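Notes for the structure review
Single-letter residue listing:
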Amino acid sequence: MSTSTLIRDESTEKPKRHQPAGEKYQAWVAGAAKEPMVLETLDPGPLGAEDVEVAVEYCGLCHSDLSVWNNDWGISQYPAIFGHEVVGRITAVGPYAKGRTVGQRVGVGWNSASCMHCHQCMSGSHHLCPQVQPTIVGHRGGFASHVRSHWAWAFPIPEKLNFADAGPLLCGGITVFAPLAMHAKPTQRVGIIGIGGLGHMAVKFAAAYGCHVTAFTSSESKFDEARGFGANHVVCSKDPAAIKKLGGSLDLLISTVDVPLDWPAMIGTLAPDGRLHFVGAVLEPVPVAAFSLIAQERNVSGSPTGSPVAIETMLDFASRHNIAPQTEHFPMSKINEAFARLASGKARYRIVLEADF
Ligand SMILES: [Zn+2]
Ligand SMILES: [Zn+2]
């Protein structure tokens, strides 16, 4: 087969090869940590040969956007354009982009490129690539008129999903779906710590997967909603007696919070061979007594988002089981208000910004 073929779309549609229109992008830019975002016009430069350009329709606001805006993790680069839960339509494809066509509706999540040739990429774990490119660190994110990504990181959105609310699946959704897919069986008992942006999607996924779900939240006002998302049982994460009652019962406990909890007590809820799995970036070290793991063969682990195939699998699962985040919508022009709302902890449960350029 000729390597110079331009026929990249293997569907019956006519092959397309497009370049960006050359117009300028508009984007909400933070000049420095914690500085309000201002609307700027920028020149995107030439489109990468394997990249696609997406006109943003919706973009979820994730807690990681807030953490990177604040430079909580010390990895931020400014000026910065945040937003990594994008849904939009492809407006241009590079000459070597594969399987993506102009007009196709896609999503872009936490990552927007990987090297495609390292051991991790070649074995399907592109999200663990040493050169993986986060969408909002050293790359222009989705709070903009357009966003770009490598074709392999722009995921076709199943028609059955509600496009307006699909964005948060691309980061928050895959982050909680991946540990369920890796570590849970439908017959098992799963605990979800923290009922927020990530946790409420985790409860929905775990319930749809067939697991018995225990939700942990410090907020009694969320008890009923957690049951509404599919939790069989809700426990106050600050109630030592209630946590103790669960001793030895949970096969998988997924922590979505970024605040310290009584971790030894949480490990105590694990069944033999059970696992405490972190997806929430709690910055304080987690104390783990070796003996609490050894005797019962328990595990402590963590994971970031997920691979491209895991993301496609998650989107298909969400579409089949009608799983969508519960959202509040803001016009993108109210981005600073939206960040303040997220920081207040009052958002129920995920904020989505609608592009209004
Ligand atoms: Zn995120
Ligand atoms: Zn790689």
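Check the entry above for the structure.
This report concerns the structure included in the present document. Just so we're clear, the structure is a prediction, and the values are computed from it rather than from any experiment. (Residues numbered from 1 in each chain as written. Chains lettered and ligands numbered in written order. Predicted model: local features only at pLDDT ≥ 70, side-chain atom pairs only at ≥ 80, totals over all residues. Heavy atoms only, no water.)

**Thoughts on the coordination of the zinc ion (ligand 2)**
Only Cys115 (SG), Cys118 (SG), Cys121 (SG) and Cys129 (SG) from the protein reach the zinc ion (ligand 2) as donors, at distances of 2.3 to 2.4 Å. Classification of the site at the zinc ion (ligand 2) rests on its four donor atoms, whose angles at the metal span 105 to 118 degrees, yielding the label tetrahedral. Ordering the donors of the zinc ion (ligand 2) by residue number gives the pattern C-x2-C-x2-C-x7-C. Take Cys129: its relative accessible area is 4%, and that puts it in the buried class. (Donors = N, O, S within 2.8 Å, 3.2 Å for Na, K, Ca; no water. Tetrahedral: all angles 85-135°; square planar, octahedral: opposite > 155°, others 65-115°. Buried < 20%, exposed > 50% of the residue type's maximum accessible area, 1.4 Å probe, protein only.)

**A word on the packing of helix H5 (residues 197–209) against helix H10 (residues 308–321)**
Running from N to C, H5 and H10 point in directions that differ by 75 degrees, and their axes come no closer than 11 Å. With respect to their mutual orientation, H5 and H10 come out roughly perpendicular. Contact residues: Phe205, Ala208 and Tyr209 in H5; Met314, Phe317, Ala318 and His321 in H10. Looking at the contact of H5 with H10 residue by residue, the class counts come to six nonpolar, one polar and no charged. (Axes fitted to C-alpha atoms, helices over the stretch in contact; angles between N-to-C directions. Helix = DSSP H or I, 4+ residues; strand = E, 2+ residues; numbered from the N terminus. Parallel < 35°, antiparallel > 145°, perpendicular 65-115°, else oblique. Contact = heavy atoms within 4.5 Å. Nonpolar A, V, L, I, M, F, W, Y, C, P; charged D, E, K, R; others polar.)

**Examining the coordination of the zinc ion (ligand 1)**
Note on metal sites: the ideal angle is 109.5 degrees for four tetrahedral donors, and 90 or 180 degrees for six octahedral donors. Donor atoms from the polypeptide that bind the zinc ion (ligand 1) are Cys62 (SG), His84 (NE2) and Cys171 (SG), placed at 2.0 to 2.2 Å. In the primary sequence, the donor residues of the zinc ion (ligand 1) line up as C-x21-H-x86-C. One end of the pair, His84, is in the loop between helix H1 (63–69) and strand E4 (86–93); the other, Cys171, is in the loop between helix H3 (163–166) and helix H4 (172–183), with 87 residues separating them in the sequence. Taking relative accessible area as the criterion, His84 reaches 0% and is therefore assigned buried.

**Description of the packing of aromatic side chains**
Applying the stated criterion across every chain, the model contains 11 aromatic pairs. The interplanar angle of 50 degrees and the centroid separation of 6.2 Å between the aromatic rings of Phe82 and Phe339 together place this pair among those described as tilted. Residue Phe82 is found in the loop between H1 and E4, and its partner Phe339 is found in helix H11 (residues 335–344); the two are separated by 257 residues along the sequence. Residue class for Phe339 comes out buried when judged on its relative accessible area of 1%. Aromatic ring contacts, followed pair by pair, group Trp69, Phe82, Phe143 and Phe339 into a single cluster. The cationic tip of Arg105 hangs over the ring face of Phe163; the distance from NZ or CZ to the ring centre is 3.8 Å. (Phe/Tyr/Trp six-rings, centres within 6.5 Å; stacked < 30°, edge-to-face > 60°. Lys NZ or Arg CZ within 6 Å of the ring centre and 35° of its normal.)

**What about the nonpolar core?**
Among the nonpolar cores identified, the biggest contains 81 residues, and Phe82, Phe143, Phe205 and Phe339 are the most heavily contacted of them. Of the residues forming this core, the biggest block, six residues, is contributed by H5. In contact with Phe339, other than residues within four places in its own chain, are Met37, Leu61, Asp65, Leu66, Trp69, Phe82 and Phe143. With 17 residues, the next largest nonpolar core counts Val235, Ala242, Met266 and Leu276 among its residues. (Core = buried A, V, L, I, M, F, W, Y, C linked by side-chain atoms within 4.5 Å.)

**Considering a nonpolar patch on the surface**
Taken together, Trp73, Ile75 and Leu283 make up a surface patch of nonpolar side chains, about 280 Å² in accessible area. Relative to the helices and strands, Leu283 resides in the loop between strand E14 (270–278) and helix H9 (290–294). For Leu283, a relative accessible area of 57% translates into the label exposed. (Patch = residues over 30% accessible without salt bridge, like charges linked within 9 Å, V, L, I, M, F, W, Y side chains within 5 Å. Areas by Shrake-Rupley, 256 points an atom, 1.4 Å probe, with all protein chains shown as cover. Salt bridge = Lys/Arg side-chain N within 4 Å of Asp/Glu carboxyl O.)

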